[in-house]
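Each chain, written out:
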Amino acid sequence: MIQQVLDRAMDYARPFMREGKVATYIPELAKGDPTQLGACIMTTRGSVYHAGDWRQEFTVQSISKTMSLIMALQTVGFEHVFSRVGVEPTGDAFNSLTKLETKTPHPLNPMINAGAIVVASCCVGAGKTFDDFLHLVRRLCGRDSIRLNEAVYLSEKHAGNRNRSMAYLMQSDNVLDCEVEDALDFYFRMCSVSVTTEDLANYALVLANNGVDIRTGEQVAEDWIVRIVKTLMVTCGLYDGSGEFAMRVGMPAKSGVGGGIMATVERKMGVAAFSPGLDPKGNSIGAYHVLEYLSHSLGLHYFSGADCKI
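In short, a report on the structure.

Cut-offs and rules
Residues numbered from 1 in each chain as written. Predicted model: local features only at pLDDT ≥ 70, side-chain atom pairs only at ≥ 80, totals over all residues. Heavy atoms only, no water. Helix = DSSP H or I, 4+ residues; strand = E, 2+ residues; numbered from the N terminus. Buried < 20%, exposed > 50% of the residue type's maximum accessible area, 1.4 Å probe, protein only. Contact = heavy atoms within 4.5 Å. Areas by Shrake-Rupley, 256 points an atom, 1.4 Å probe, with all protein chains shown as cover. Lys, Arg positive; Asp, Glu negative; His and termini not counted. Charge placed at Lys NZ, Arg CZ, Asp CG, Glu CD. Phe/Tyr/Trp six-rings, centres within 6.5 Å; stacked < 30°, edge-to-face > 60°. Pairing = 2+ DSSP bridges. Axes fitted to C-alpha atoms, helices over the stretch in contact; angles between N-to-C directions. Polar contact = N/O pair within 3.5 Å; in protein donor to acceptor, adjacent residues only side chain to side chain. Salt bridge = Lys/Arg side-chain N within 4 Å of Asp/Glu carboxyl O.

**Some remarks on the overall build of the protein**
In step 1: Looking only at helices and strands, the protein features 13 helices and 8 strands.
In step 2: For the protein, the spread of C-alpha atoms along the three principal axes comes to 55 × 40 × 35 Å.
In step 3: Counting the 310 residues in the protein, one finds 58% classified as buried.
In step 4: When contacts within the protein are restricted to residue pairs at least 6 apart in sequence, those whose partners lie at least 24 apart make up 70%.
In step 5: In the structure as shown, the protein presents an accessible area of about 12100 Å², 49% of it carried by carbon and sulfur atoms.
In step 6: Across the protein, the mean location of the 29 positive side-chain charges is 4 Å away from that of the 34 negative side-chain charges.

Structure follows, in structure tokens:
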């Protein structure tokens, strides 16, 4: 039944994809094929379902913000991280500087670019390297061959002046834990890691299972950290589209401008979808509609209760 529903979700999503635009502010992302659409579901029972371009690699982009937050919380702890960055939704675009200029030098949450740069500085300031981060990503995603996309990394670094502006503005208020360029390099690299929908579905399943990899029994992330990450995914995971997504789809989720969205269903499944065409808020239109169809057809909304069919 799940495979049939997933196949129908793909058919449902495709007509909407013509409205999407690939990200162009990072030149390498502008090369994305907006006709691609892939998805993967993994369940706590050990079943795996695929559809479409599920093997296609794409860069994780802002989905990596959840992973760097896990690393920072594991390394420097709750009090330190959230003395540097808040937990409130912004209502602004993911790359906005507005609140930094008018409200507080501390970013409002770790899921926007400014907040993720602060979290990256927490990792770097505590001695963590990108290799440490990549090791964590491989454990969360369950694949040892995950790597950096060097071309995207260099493209992000070259085109990252807006992020650089945010970082230097925050450094002027002593918000960062390390040198600006070190935090930025970590941030650009973490966003440029290549994954597939299967990788992200595995990661989402680890989150759904409170940090435990069902295949190995390993506690990859502590349950209190996973709880924080999933909560922020609900409130901030799709930027200034998070509220609408919460109503229409109702799963903790995180998107990235590479075209991916990963979502969790508590104690039941991890799901990821990918399509490079984005809406004006930076969320994949194809992936969004795949998740919307799955949520409605399988009763996955967090307020569906007994209606869940998994």
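**Notes on the environment of Val118**
In step 1: One can find Val118 in helix α5 (residues 113-125).
In step 2: With relative accessibility at 0%, the residue Val118 sits in the buried group.
In step 3: When the C-alpha atoms of Val118 and Arg55 are compared, they prove to be 32 Å apart, with 63 residues separating the residues in sequence.
In step 4: For Val118, the contacting residues outside a window of four places in its chain are Arg84, Val85, Pro107, Met170, Val175 and Leu176.

**Looking at the packing of aromatic side chains**
In step 1: Scanning the model with the defined rule gives 9 aromatic pairs in all.
In step 2: Both rings, one in Phe245 and one in Tyr288, keep their centres 5.2 Å apart while their planes meet at 90 degrees; by these two values the pair is edge-to-face. Linking Phe245 in helix α12 (residues 242-248) with Tyr288 in helix α13 (residues 285-298), this pair joins segments that are 43 residues apart in sequence.
In step 3: The structure contains a cluster of three or more aromatic residues connected by ring pairs, namely Tyr12, Phe16 and Tyr293.

**Let's talk about the sheet that holds strand β7 (residues 260-265)**
As a general point, the strands of a sheet are linked pairwise by backbone hydrogen bonds and lie either parallel or antiparallel.
In step 1: Taken in spatial order, the 5 strands line up as β2-β1-β8-β7-β6 in an open sheet, and their pairing is antiparallel. Both edges of this open sheet fall to β2 (48-52) and β6 (253-255), since each of them pairs with a single strand only. Taken over all neighbouring pairs, the strand axes of this sheet differ in orientation by 10 degrees on average, direction set aside.
In step 2: Two strands pair when backbone bridges link them, and β6 and β7 are joined in this way by 3 bridges, in the antiparallel orientation. The partner of Ala253 across the bridge, within β7, is Ala263.

**Comments concerning the side chain of Arg164**
In step 1: Mapped onto the elements, Arg164 comes out in helix α8 (residues 161-171).
In step 2: Among the polar contacts made by the side chain of Arg164, one reaches the side chain of Asn161 at a distance of 3.2 Å.
In step 3: Those residues in contact with Arg164 that sit more than four places away from it in its chain are Lys157, Glu181, Leu184 and Phe188.

**Observations regarding unusual backbone geometry**
In step 1: Residues other than glycine seldom take positive phi values, yet Gln61 does so here, at roughly 50 degrees.
In step 2: Examined against the element boundaries, Gln61 turns out to sit in the loop between β3 (58-59) and α2 (64-76).
In step 3: Not every positive phi belongs to a glycine, and Asn174 is a case in point at roughly 60 degrees.

**So, the pattern of salt bridges**
In step 1: One pass over the full model with this rule turns up 14 salt bridges.
In step 2: Two residues, Lys31 and Glu28, come together in a salt bridge whose shortest N-O distance is 2.8 Å.
In step 3: In this structure Glu28 comes out as partly exposed when scored by relative accessible area, which is 25%.
In step 4: The structure contains a network of salt bridges with shared partners spanning Glu57, Arg143, Arg147 and Asp199.

**Quick word on the pairing of strand β8 (residues 269-274)**
In step 1: Of all 6 residues in β8, 6 are buried, a share of seventy percent or more.
In step 2: Residues Met269, Val271 and Ala273 of β8 are buried on one face, and the alternating residues Gly270, Ala272 and Phe274, pointing to the opposite face, are buried as well.
In step 3: Here strand β1 (residues 38-43) pairs with β8 via 6 bridges, running antiparallel. Bridge pairing in β8 links Met42 to Gly270.
In step 4: As defined by bridge partners, β7 adjoins β8 across 6 bridges and the pair is classed as antiparallel. Looking across to β8, one finds that Ala263 is bridged to Val271.
In step 5: Linking β7 to β8, which pair antiparallel, is a turn of 3 residues; within it Arg267 sits at a positive phi near 60 degrees.

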